Amino acid sequence: MTSPKRTWTFSSMRSKTGPSLDEGENYFRRRLFSSFRSDRREQRSQGQEDDIDKRRAFSDGEIETNKGVFLPGEDQPDMGAMKRFSTLFSSFRGKISKDRTGNEPDVPASTELSPVEEKAKEQRYTSGQFFFEYLVVVRPKKTKDGIYEPQIIYQFPKKDGMVRFQKEEEEKTLKALTLFCFPEGVNWAPLTEYPSETFSFVLTDVDGTRKNGYCRRLLPDGKGARLPEAYCIISNLACFGLFSQIFDEVEQRRKFSMAMIYPFMQSLRESAFPAPGHTVNIKSFIPERGTEIISLTRPTDSWLEHVDFRTLFKCLSDEEVLQVFAATVLERRIIFIADELGTLSQVIHAVAVLLYPFIWQHTLISIVPEILIDVVMAPTPYLLGVQKSLADQATDQTELLVVDLSEGRKETFIKCMGDEDTILPHKLKDEIKQALSAKNEKSSLEELNRVVPEAFLPFFIKTVGHFAKYIVRKGKDQRGEFQRTNFCKAIESKSTRRFVKTFVQTQMFDLFIQEMEQRPASQDGTGETL
């Protein structure tokens with residue numbers, strides 16, 4: 001590489017915030033950047049279980065995707081790539097009630113289940129699953145040096161009985177957590193006005209354990225200048241909408257006192273996490289309102305419950321979304337710029353979901369803390385969200401797409417490769433735009449969850465949906481071998497063939513095919529075509 005800014009050297013990682021890193025920040029920094037040292041090619045020889053696990057989760061702060069919350073169509077641990085592809089294809093063709101009966105437990109053909117079926121379903125989704133691991137409240141506090149450093153002022157529940165190393169690990173994780181609640185770092189001062197905002201992020205540990213962070217930042221009630229607070233829920237579960245409802249209740253209780261939060265969160269923690277489409281009822285008491293029953297319902301389409309397409313299409317036009325999609329499909333380096341943390345997290349997760357049934361395999365950090373801004377120098381593909389105040393530190397790289405999401409922007413694409421509007425085959429691109437025209441500015445979340453997947457899924461079906469024909473097996477239960485050359489030659493359209501020849505070189509397609517090669521034909525039905 002000719003530019004020194006593109007060189008990825010771990011011994012010379014620099015901090016752009018000035019102050020030296022403390023132990024917690026160093027711990028998280030090591031955890032983030034250590035992933036860039038690994039060679040994914042060496043890991044492809046691991047067993048089938050590892051390969052499948054790597055493809056199941058988005059990863060904030062890690063290149064490698066490991067065990068975590070299942071993504072589209074993966075509510076069952078044994079659901080493979082073929083089932084993800086064929087399930088959505090069936091859904092797109094309007095055959096949900098016929099084709100998905102008995103195959104997709106999260107969308108039953110009938111709302112009336114037998115007691116045995118209902119019990120089995122609830123156990124599958126709730127066994128050993130708490131709503132959340134803990135709730136913390138983070139607030140900037142003035143240090144001896146006169147700067148405001150985010151610190152945890154409240155934690156529920158307090159974990160007792162941990163041995164020393166467990167306690168140390170938790171303290172380091174919680175310290176890292178404050179970086180995401182206030183990614184701006186030490187640039188804080190008392191405020192008189194501050195708009196409430198909700199956003200999400202993911203922490204990935206060195207062993208692949210993933211925790212979802214849901215955060216609401218607001219200015220507590222009071223008079224005069226005061227500091228904002230961040231309420232952060234850590235959970236193993238991915239359901240942005242549901243946790244937003246929980247924050248509404250937490251915020252109401254905080255208006256009275258911090259003590260009012262405890263009984264609600266205790267009741268929530270003791271409740272079973274509902275299956276998709278189901279509701280859990282929490283008994284709650286608030287002064288002036290008395291005892292109430294709070295109903296928390298999980299969306300039926302569990303694979304879409306962590307995204308909100310409204311933010312994506314509010315910030316970008318259909319044409320701009322397609323250009324971002326094109327760059328993402330080819331696994332390029334993409335940075336999103338915005339003032340609001342909620343905008344960054346929602347747009348990045350929505351863009352990643354557009355790849356379904358494929359899964360983004362590289363670094364995905366919805367909100368990059370200032371202390372970790374050097375991640376933009378990584379030579380590998382990434383999806384990064386950067387606050388506009390840090391844009392100058394993030395956009396001095398080459399060969400990337402920088403997307404400005406902020407209101408009143410002069411231009412959307414601050415930097416680009418220049419070919420984003422020509423990557424997708426022209427005819428298929430027009431078909432996506434035509435399908436997206438079914439939505440409008442007033443479209444509800446439910447409408448977008450129907451229109452958007454049905455607009456993008458046919459693109460993959462028409463470009464690579466014939467892959468199963470070209471997995472050759474010597475025996476029914478033998479591993480297959482993908483005939484890449486013949487697969488590409490089978491495509492009649494020259495423009496589509498040109499795109500596919502590039503797409504098959506991506507890691508998301510490579511791992512998809514590897515999974516299919518490793519599975520016996522009798523297990524996933526790969527002898528059949530879509």
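Look up: the structure comes first, before these words.
A few points on the structure. (Residues numbered from 1 in each chain as written. Predicted model: local features only at pLDDT ≥ 70, side-chain atom pairs only at ≥ 80, totals over all residues. Heavy atoms only, no water.)

**Some details on the overall build of the protein chain**
Counting its regular elements, the protein chain contains 19 helices and 14 strands. Expressed as a percentage of the 530 residues in the protein chain, the buried residues total 57%. The long-range fraction of contacts in the protein chain, counting pairs at least 24 apart against all pairs at least 6 apart in sequence, stands at 66%. As displayed, the protein chain offers around 23600 Å² of accessible surface, 47% of which is attributable to carbon and sulfur atoms. (Helix = DSSP H or I, 4+ residues; strand = E, 2+ residues; numbered from the N terminus. Buried < 20%, exposed > 50% of the residue type's maximum accessible area, 1.4 Å probe, protein only. Contact = heavy atoms within 4.5 Å. Areas by Shrake-Rupley, 256 points an atom, 1.4 Å probe, with all protein chains shown as cover.)

**Let's talk about the sheet that holds strand β9 (residues 363-365)**
Pairing is mixed across the open sheet formed by five strands, whose spatial order is β9-β10-β8-β11-β12. A strand with exactly one partner marks an edge of an open sheet, and here the two such strands are β9 and β12 (413-415). Taken pair by pair, the neighbouring strands of this sheet meet at an average axis angle of 25°, ignoring direction. Packed onto the sheet, helix α11 (residues 318-329) meets β8 (333-338), β10 (382-387), β11 (401-404) and β12 and runs at close to 140° relative to β8. (Pairing = 2+ DSSP bridges. Axes fitted to C-alpha atoms, helices over the stretch in contact; angles between N-to-C directions.)

**Topic: the packing of aromatic side chains**
As enumerated under the stated definition, the model contains 23 aromatic pairs in all. Summarising the aromatic geometry, the rings of Y214 and F240 are spaced 6.5 Å apart at their centres and angled 50° between planes, so their arrangement reads as tilted. You can see Y214 sitting in strand β4 (residues 210-218) and its partner F240 sitting in helix α8 (residues 240-254), a full 26 residues away along the chain. By relative accessible area, Y214 is classed as buried at 1%. (Phe/Tyr/Trp six-rings, centres within 6.5 Å; stacked < 30°, edge-to-face > 60°.)

**Overview of the state of the cysteines**
Linking two cysteines covalently via their sulfur atoms produces the bond known as a disulfide. Overall, the coordinates contain zero disulfides when judged by the stated rule. You can see C232 has no disulfide; the closest cysteine sulfur is in C181, sitting 3.9 Å from it. When its relative accessible area of 0% is taken as the criterion, C232 is described as buried. (Disulfide = S-S within 2.5 Å.)

**Re the environment of F240**
What makes F240 buried here is its relative accessible area of 12%. Sequence separation between F240 and L304 is 64 residues; the distance between their C-alpha atoms is 9.5 Å. Excluding residues that lie within four positions of it along the chain, F240 makes contacts with T198, F199, S200, Y214, E305, H306 and Q346.

**Some points on the pairing of strand β2 (residues 148-156)**
Pairing between strand β1 (residues 134-142) and β2: eight bridges, direction antiparallel. Residue pairing for β2: K141 is matched across the bridge by E149. Remark: five residues form the turn of the hairpin made by β1 and β2, two consecutive strands paired antiparallel; G146 in that turn has positive phi of roughly 85°.

**Concerning the packing of helix α15 (residues 445-464) against helix α17 (residues 494-503)**
Taken N-terminus to C-terminus, the directions of α15 and α17 make an angle of 95°; their axes are 10 Å apart at the nearest point. Between α15 and α17, the crossing angle belongs to the class labelled roughly perpendicular. Within the contact between the two elements, α15 uses F459, F460, T463 and V464 and α17 uses T496, F499, V500 and F503. Taken together, the residues that form the contact of α15 with α17 break down as six nonpolar, two polar and no charged. (Parallel < 35°, antiparallel > 145°, perpendicular 65-115°, else oblique. Nonpolar A, V, L, I, M, F, W, Y, C, P; charged D, E, K, R; others polar.)

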